[in-house]
Amino acid sequence: MKSLNIILMGPPGAGKGTQAKKLIAKFDIPHISTGDMFREAMKEGTPLGKLAQKYINDGHLVPDDVTIGLVKERLSKDDCAKGFLLDGFPRTIPQADALEEISKEIGRKISHVINIDTPVEELVRRICGRRVCKVCGAPFHIINIPPKKEGICDICGGELVQRPDDNEEALLVRLDHYNKQTAPLLEYYQNKGLLTTFDGSSSADLTPKLIAFLEGK
Ligand code: ADP
Ligand code: ZN
């Protein structure tokens, strides 16, 4: 099988995180989510977390130099030698250019760029109803994936909360950044012959398709 150095792309709410968790379990590669890394740093109150918080909660992008430094460090770790799945990075052209450099340095070329395409109305519905466990991070949705007991995580019993940037106002800012800064990356990877787009309107149907695609079937 071809080595798996994957980029998962798509607007906020397309289901990148959900698909990523299933793919990394199937292919046993590390999940590198810049959003998760920033949220972890914010939870711990590190200098990185404090800086990121100023941007994230309002829906803005964290500056490129900070984000690129973080990913570079992560991709240099040993566990990435067997492949990796990048989720939410790159999000700008400068980040994509930096990733080219980093992948040359570590000797792992990007093998697949998966774009999960989802209509805007669906993104708004998903994000505004999304709840996450404060303790283990498991995702729920008040209508699509309701927990057994309202406000409580099925997995660990933790409290379910709304991400501070999962409100309509911050979402509009995120979508605007996506359209202006991230969407141009589709053409960038299309031109390199790496892009494949999938319909993200149904999460359950999508996973087997992605697995078959990555297995080269
Ligand atoms: P979503 O795709 O639902 O917006 P993520 O968890 O991927 O969520 O990202 C959450 C936030 O973290 C983004 O809105 C942005 O502020 C910040 N972030 C994540 N990845 C990047 C990145 N590659 N560049 C800049 N900011 C990022
Ligand atoms: Zn939990």
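Residues numbered from 1 in each chain as written. Chains lettered and ligands numbered in written order. Predicted model: local features only at pLDDT ≥ 70, side-chain atom pairs only at ≥ 80, totals over all residues. Heavy atoms only, no water.

Enquirer: Give a detailed account of the site of ligand 1, specifying residues and quantitative values.
Expert: For ligand 1, the set of nearby residues contains 18 residues, the closest of which are Lys-16, Thr-34, Arg-39, His-60 and Gln-95. Within the side chain of Arg-91, a nitrogen or oxygen atom sits 3.0 Å from an oxygen atom of ligand 1. When the free accessible area of ligand 1 is taken as 540 Å², the share hidden by the protein chains comes to 96%. A per-element tally of the shell around ligand 1 places helix α2 (residues 34-44) first, with 4 residues. (Near = heavy atom within 4 Å. Polar contact = N/O pair within 3.5 Å; in protein donor to acceptor, adjacent residues only side chain to side chain. Areas by Shrake-Rupley, 256 points an atom, 1.4 Å probe, with all protein chains shown as cover. Helix = DSSP H or I, 4+ residues; strand = E, 2+ residues; numbered from the N terminus.)

Enquirer: Which residues make up the nonpolar core, and what are the values?
Expert: Considering soluble globular proteins, one finds that nonpolar side chains tend to be buried as a cluster. In this structure, Ile-7, Leu-75, Leu-86, Leu-99, Val-113 and Tyr-189 are the most contacted members of the largest nonpolar core, which totals 21 residues. Counting only elements with at least two residues in this core, the list comes to β1 (5-9), α4 (64-75), β3 (84-87), α5 (93-106) and α8 (184-191). Of the residues forming this core, the biggest block, 4 residues, is contributed by α5. Grouped together as the second largest cluster of nonpolar side chains are 20 residues, Ala-14, Ala-20, Ile-29 and Phe-198 included. (Core = buried A, V, L, I, M, F, W, Y, C linked by side-chain atoms within 4.5 Å. Buried < 20%, exposed > 50% of the residue type's maximum accessible area, 1.4 Å probe, protein only.)

Enquirer: Which residues make up the coordination of the zinc ion (ligand 2), and what values go with them?
Expert: Here the zinc ion (ligand 2) is held by Cys-133 (SG), Cys-136 (SG), Cys-153 (SG) and Cys-156 (SG), and the distances to it run 2.3 to 2.4 Å. For the zinc ion (ligand 2), the 4 donor atoms are set out with angles of 99 to 116 degrees between them, so the coordination reads as tetrahedral. Considered as a linear motif, the donors of the zinc ion (ligand 2) on their single chain read C-x2-C-x16-C-x2-C. One end of the pair, Cys-136, is in the loop between β5 (130-133) and β6 (139-141); the other, Cys-153, is in the loop between β6 and β7 (160-161), and 17 residues separate them in sequence. Look at Cys-136 and you get partly exposed, because its relative accessible area is 39%. (Donors = N, O, S within 2.8 Å, 3.2 Å for Na, K, Ca; no water. Tetrahedral: all angles 85-135°; square planar, octahedral: opposite > 155°, others 65-115°.)

Enquirer: Got a sec to walk through the packing of α2 against helix α3 (residues 47-56)? Specific residues and values, please.
Expert: Contact geometry for α2 and α3: axes closest at 7 Å, N-to-C directions at 115 degrees. As α2 packs across α3, the resulting crossing turns out to be left-handed. For the pair formed by α2 and α3, the contact residues are Phe-38, Ala-41 and Met-42 on the first element and Leu-48, Gly-49, Ala-52, Gln-53 and Ile-56 on the second. (Axes fitted to C-alpha atoms, helices over the stretch in contact; angles between N-to-C directions. Left-handed = near helix turned anticlockwise from the far one by under 90°. Contact = heavy atoms within 4.5 Å.)

Enquirer: Tell me about the sheet that holds β5, residues and numbers included.
Expert: Taken together, the 3 strands give an open sheet; going across it, the order is β6-β5-β7, and neighbouring strands pair in antiparallel fashion. Each edge of the sheet is formed by a strand with only one pairing partner; in this case those strands are β6 and β7. Where β5 and β6 come together, 3 bridges link them in antiparallel fashion. Along β6, the bridge assignment pairs Arg-131 with Phe-140. In the packing of helix α6 (residues 120-129) onto the sheet, the strands contacted are β5 and β6, and the crossing angle to β5 comes to about 40 degrees. (Pairing = 2+ DSSP bridges.)

Enquirer: Please set out the sheet that holds strand β8 (residues 195-199) residue by residue, giving values where relevant.
Expert: Taken in spatial order, the 5 strands of this open sheet run β2-β3-β1-β4-β8, and their pairing is parallel. The sheet is open, and its two borders are formed by β2 (31-33) and β8, each paired with just one other strand. Across the sheet, the mean angle from the axis of one strand to that of its neighbour is 20 degrees, orientation sign disregarded. Helix α1 (residues 16-27) rests against β1, β2, β3 and β4 (112-117) of the sheet, and its axis sits at about 175 degrees to β3.

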